[in-house]
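So the chains spell out like this:
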Amino acid sequence: MTARSSVPRIALRACLAALAVRAAAGWAAEPGEPASLAAAIRSGGARPDLAVRVQGFRLGTGLGAVFLDDGVLVPAEPVAGRPVEWVFVGEGRAFMEPPDDVERGQMELFTGAPVLDEPFDRAVFAIALDAAADALVGLPRAGDDPRVGGAAALLEQWRSSPERRLLDEDARLLRDAVGDPLGRGFFCGYFNGDKLGRFLWVVDPLAEEQVIVGRFVAAQLTDPERRRAERHLESEQRRGKLIGLVVDDLGVWDTWVSTSLRGTDGTPTPGTAGVEPRHYAIDATLDGKQLELAAVARVELDVLVDGLRAVTFDVGSELVPLAVRDGGGRPLVFAHTVDELTVLLAEPAAGGSSLTLEVEYRGTPFERVASGAYLQRDPLGWYPHAGLVDRATYEVVLRWPRKLQLLGSGRVVAEGVDQEKRSWQRRTLEVRSLGFSFEVGDFDTASGRIGDIEVTVGIDRLGQGAARGLAAEVLRSVEGPLAYYQTIFGPYPLGELVVVSSPRAFSQGLLGFVTLSTAGIVDWDKWASLLGYEDRRLLIAHELAHQWWGNQVGWRSYRDQWISEAMANYAALLYERNRLVGQGEPRVGLGPTSGWQAELARLTRDGRPVESLGPVTMGPRLNSSLASDAYHAIVYKKGAVVLDMLARLYGEDAFLGILRELVRTADGRVVSTDDFLNLLERLGGVELDWFRRQYVLGTGLPEIVYDYRIEGVGEGWAVDGEARQQSTYVDRYRVERLADGALDVSRRSEPRLDVADSVLVVPVQIGIADAAADGDAAAGGGPIRSLLTGRLLLRGELSPFRLEVEQRPLILWLDRGGEVFGRFFAAARWPRRAAIARGLELARSGALAEAEAVWLTAFDEPVVTADEQWLGAEFDVEASGRVLDISLHTALARLYLDQGRLGEAAERIGLARERMQRDDRWLFEHEVLALEARLAIRSGRPEQALRELRQAVEREPEVASTEVAALLAVASHLAGKPGDWTAACRDARSRGVDLGPLDCPAE
Ligand SMILES: [Zn+2]
């Protein structure tokens, strides 16, 4: 399900930009002060005559500071007496420390360092903070400083940039100019950084997470692609669509950091939209071949902020506001920028009061696709939205051409035909919901009843071609999960449910109204799995689960949206297990979590596994210039696997009892990830801190090694063993002076996660020998005649286990089916891998000689033994062995370097290089590069180390690991390059390196 929500504004803009849809920009031609303010904001040029000289100025903002060390500031034409936009030319530095590990991780992902510490030579600022603006105005004049000259061009560049348009900066500055409390404090810095290039730092008081640092990455278009995009836009714009869009607006936002501002005591103080809608009353008419829309939306709003002067509506991609009135019918001044409508109130509104605004607008939300069907691009884009939570009740009157049918949200309370011979209906939705939508077409319908619920399925004849009987089939697929979910999650809250096909690329489950993507419900029969389509019964089960997860239990912010999607997938998984497979259905296709390992292990262009891009709580931020589809893999698939782990931990019945309680208490309101986990802890009596850190806020697939032996016990048998959950480690680097006076970079591994409290419930399978088989033959790996299945509880780092069975066991697997979010392997069946892990444990505990011995013999161990039976045909033993060998060589090289055995280290580094193939580079290149540099430094060749490090980083910025940064600082110091040294020190320090004896310049 996709839906409007409190995604950070930048991310929302990103979606719009990516979809290439944007409404007309332009200010309402109302007379009066606001319109002239607006014009001044939009077009006032640079004023070099007002330029000031700035030195040692610190601009504190949004969890960090911008240092203007030395330069000039040139203001744009003042607005309402004060300059708000400024161009800076000179030397400056942007510094920000992200507030928590998750945000530090994202900063590091995009910039290579967990802290932003970036020198810049040019910047444009918008500062809606009177005190700061006054301080800048008071600085000494720059006079004929030559740096003033380039300012006008920089301002122009910013004014015409997609970033400024997509941020709706004009609307923010207008809010400030009319004295709105949410306009104050707006800040936008557009920097040209030395290393990072262009980036933005925004503080937007209207966003829940006001502070955002990131970058707009424009779509990389070839010339022919650009011309094609321009032609496409022109033809769309002739039909009244995509108005105002330019090709430069196509692209995607990378959000490096997003966070709420902090109070003086460090607690988050989230932003607010100033209003939240309580009720929408909409009167809408669809006319003509394109179903052109003319409508009036009357929105009742709760005012959240005292002294509010303006209300912002999201008007989606293609709506054009014509007039705005207050509750008494008086016209109000408004501004329409990009996808926002800013309404200026006649007088300030008091916090706690309510406010009614009426927006009259037109638009073309529908287009006709090749099949003749009507496609509404954004199911919620046909009316203006306000607020960050935006859950309201609805009363909607719709009129449409009589030859078509309309199916939609809500209950029909009146209907008929108007004087213009149009069909009309009045619909109400009396339960607070995140949206109201409808589809128009020529529907083949089927209806039925589940208890008191009237179910209607509509399949568009225009869209589905000759698929007769499809409506009845889909109805059957709806009835199953609808009945099942009521038994496990509690009652469905409405008396009716409408399910409709749509030619859109996605399906969506709004309250009482589900749309199913045409491609998803066609019966592909046995082809479905081959084509990679999910079994459509499970797709329908997912969308129906949103009636509970997403609607009855809403998500508070984009960070909590994973609960809705993961829960919908988990619900579909339960339906598959307990209803389809569980009741003997012979053929079930791909399920909601099928192939999760492969999807999460897939490598991005720059060679990282998709799973490492961020935790489930990053929501839509997971899709970025690094990967366009990580959101689905991480939120839907990892999310569902993780919930399934929780269910095994509590036991399915107990877990479902807690979920039922959550649905009951949420009662249509929104919940956060913390609310969800706290309720689980309270009702389930299991402490979940470890789970939160590792699976909800963390990334990485934990590794679990197990070992066992089989022995006869009396009449029967026992499998005795232990499983060790490897802590994941974080490496810390330190510059050290060795006893002989030489400098070196040492690495210490600190456990990242404390696994002592972890509790995993793991499926176990035991292969049993034929009862009649000769004992010796069976012991030699004879045929497995049957499988025993069960579950095993693993607690903490090391879990011993003992399983007693009557028949003779041959082999044991933990999590053979990949149901737990982790990688399990049996040490005895993966000898080389097990030896590497054992050596690492030894080395970490300081037993270096023992570690060396284990690693040296590991080369002779097989990669995998013949009795490991789950491996698919695609498993590449050769490649796997090669990766293990390179790991062994580099581990030995590091060990030798630590012991000063330079000759042996050189030999191992050479062997690692020799073995490495193109596919392995992403995994090992930075490691081998660091080892080579360390060797060169230790051998008294710092110039060589410096040259090689610099060349490598230039060629491939991804190899600039923290260790590489630390070595660059050491090498440039030893090579006597003070300029390089200062920059390298700063870079290494921002990555958390302890520079100790290097005596770097202070900050
Ligand atoms: Zn969904």
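Every chain's residues receive numbers from 1 upward, in the order its sequence appears when written. Residues qualify for local features only when their pLDDT is at least 70, as the model is predicted, and side-chain atom pairs are given and counted only at 80 or more; totals for whole chains, interfaces and linings, by contrast, use all residues. Excluding hydrogens and water, the side-chain values take into account all heavy atoms of the structure.

Moving on: the overall build of the protein chain. Each helix corresponds to a stretch of at least 4 residues labelled H or I by DSSP, and each strand to a stretch of at least 2 residues labelled E; elements are numbered beginning at the N terminus. Looking only at helices and strands, the protein chain has 28 helices and 41 strands in total. In this description the radius of gyration comes from C-alpha coordinates, and the expected globular size is given by 2.2 Å times residues to the power 0.38. Expected size for 1003 residues packed as a compact globule is a radius of gyration near 30 Å; at 31 Å, the protein chain falls within 12% of this value. With respect to the three principal axes, the spread of C-alpha positions in the protein chain is 90 × 80 × 55 Å. Counting the 1003 residues in the protein chain, one finds 56% classified as buried. It only takes one pair of heavy atoms within 4.5 Å for two residues to be counted as in contact. When contacts within the protein chain are restricted to residue pairs at least 6 apart in sequence, long-range pairs at least 24 apart make up 70% of them. Averaging the coordinates of the 114 positive side-chain charges in the protein chain and doing the same for the 147 negative ones gives two points 3 Å apart. The cut-offs for exposure are 20% and 50% of the maximum accessible area for each residue type, with area from a 1.4 Å probe on protein chains only; residues under the lower value are buried, those over the upper are exposed, and the others partly exposed. Under the counting rule used here, the positive set is Lys and Arg, the negative set is Asp and Glu, and His together with the chain ends is not counted. Note that the charge is assigned to NZ on lysines, CZ on arginines, CG on aspartates and CD on glutamates.

Where burial is concerned, most of strand β14 (residues 308-314) is hidden: six out of the seven residues are buried. Strands are labelled as partners when DSSP assigns at least two bridges between them. As judged from the six bridges shared by β14 and strand β17 (residues 340-349), these two strands associate in the antiparallel manner. Within β17, the residue paired with F313 across the bridge is L341.

Now for the packing of aromatic side chains. Aromatic ring pairs are defined here through the distance separating the ring centres and the angle between the ring planes. The criterion for an aromatic pair is that two Phe, Tyr or Trp rings (for Trp, the six-membered ring) have centres within 6.5 Å, with stacked assigned to planes under 30 degrees apart, edge-to-face to planes over 60 apart and tilted to the rest. Within this structure, the stated rule accounts for 34 aromatic pairs. Measuring from ring centre to ring centre gives 6.4 Å for F366 and Y374, while their planes differ by 90°; the resulting arrangement is edge-to-face. Taken as a pair, F366 and Y374 share a single burial class, namely buried. Judged by centre distance (6.0 Å) and plane angle (80°), the rings of Y631 and Y636 are edge-to-face. Owing to a relative accessible area of 11%, Y636 belongs among the buried residues under this scheme. Put simply, the rings of Y280, F366, Y374, W382, Y383, Y394, F436 and F438 pair up and form one aromatic cluster.

The next thing to look at is the sheet that holds strand β27 (residues 453-460). Within the open sheet, the five strands sit side by side as β26-β27-β28-β30-β29. Their pairing is mixed. Unpaired on one side and paired on the other, β26 (443-450) and β29 (508-510) mark the two borders of the sheet. The mean inter-strand angle of the sheet, taken between neighbouring strand axes irrespective of direction, is 15°. Two elements, β26 and β27, share eight bridges in a ladder whose sense is antiparallel. When the sheet's bridge partners are listed, T445 is paired in β27 with G458. Each axis is a line fitted through C-alpha atoms, and for a helix only the stretch in contact is used; angles between axes span 0 to 180 degrees, taken between their N-to-C directions.

This brings us to the nonpolar core. Membership of the largest hydrophobic core comes to 198 residues, with the highest contact counts inside it found for F125, W201, F313, W382 and Y485. Counting residues per element, this core draws most heavily on helix α16 (residues 630-650), which supplies 14 residues. When residues no more than four places from it in sequence are discounted, the contact partners of W382 are I282, A284, L293, L319, Y361, P365, Q376, V396, L398, F436, S437 and F438. Buried residues of nine kinds, namely Ala, Val, Leu, Ile, Met, Phe, Trp, Tyr and Cys, make up a nonpolar core once their side-chain atoms join them within 4.5 Å. With 36 residues, the next largest nonpolar core counts I41, A128, V148 and V178 among its residues.

In this document the domain limits rely on a domain assignment from an automatic tool or a database. We note that the domain assignment places domain 1 (45-262), domain 2 (442-547), domain 3 (560-697), domain 4 (704-893 + 901-922) and domain 5 (923-1003) within the protein chain. Placing a centre on the C-alpha atoms of domain 1 and another on those of domain 3 gives a separation of 37 Å. In the sections that follow, a salt bridge refers to a side-chain nitrogen of Lys or Arg positioned within 4 Å of a carboxyl oxygen of Asp or Glu. In this structure, the connection of domain 1 to domain 3 is made through one salt bridge. Residues E103 and R621 are paired through a salt bridge, measuring 2.9 Å at the closest nitrogen-oxygen approach. In protein, a polar contact means a hydrogen-donor-capable atom and an acceptor-capable atom, both N or O and within 3.5 Å, with residues adjacent in sequence counting only if both atoms are side-chain atoms; elsewhere, any N or O pair within 3.5 Å suffices. Put simply, domain 1 and domain 3 have three residue pairs in polar contact (both at pLDDT 80 or more) between them. Looking at the side of domain 1 that touches domain 3, the elements that each hand over two or more residues are α3 (101-111) and β9 (251-259). Per-element accounting of the side of domain 1 that touches domain 3 gives the leading share, seven residues, to β9. Following the grouping adopted for this structure description, the nonpolar residues are Ala, Val, Leu, Ile, Met, Phe, Trp, Tyr, Cys and Pro, the charged ones are Asp, Glu, Lys and Arg, and the polar ones are all others, Gly among them. Along the lines of polarity and charge, the residues of the side of domain 1 that touches domain 3 split into eight nonpolar, three polar and two charged.

Now for the sheet that holds strand β40 (residues 809-814). Taken in spatial order, the three strands line up as β38-β37-β40 in an open sheet, and their pairing is antiparallel. For this open sheet the edge positions go to β38 (784-795) and β40, each flanked by a neighbour on one side alone. Here the strands of the sheet are splayed against their neighbours by 25° on average, with no regard to which way each runs. Pairing of strand β37 (residues 759-769) with β40, which is carried by five bridges, proceeds in the antiparallel orientation. Note that in β40 the partner of Q765 across the bridge is W813. Contacts from α16 reach β37 and β38 within the one sheet, and its direction differs from that of β37 by about 80°.

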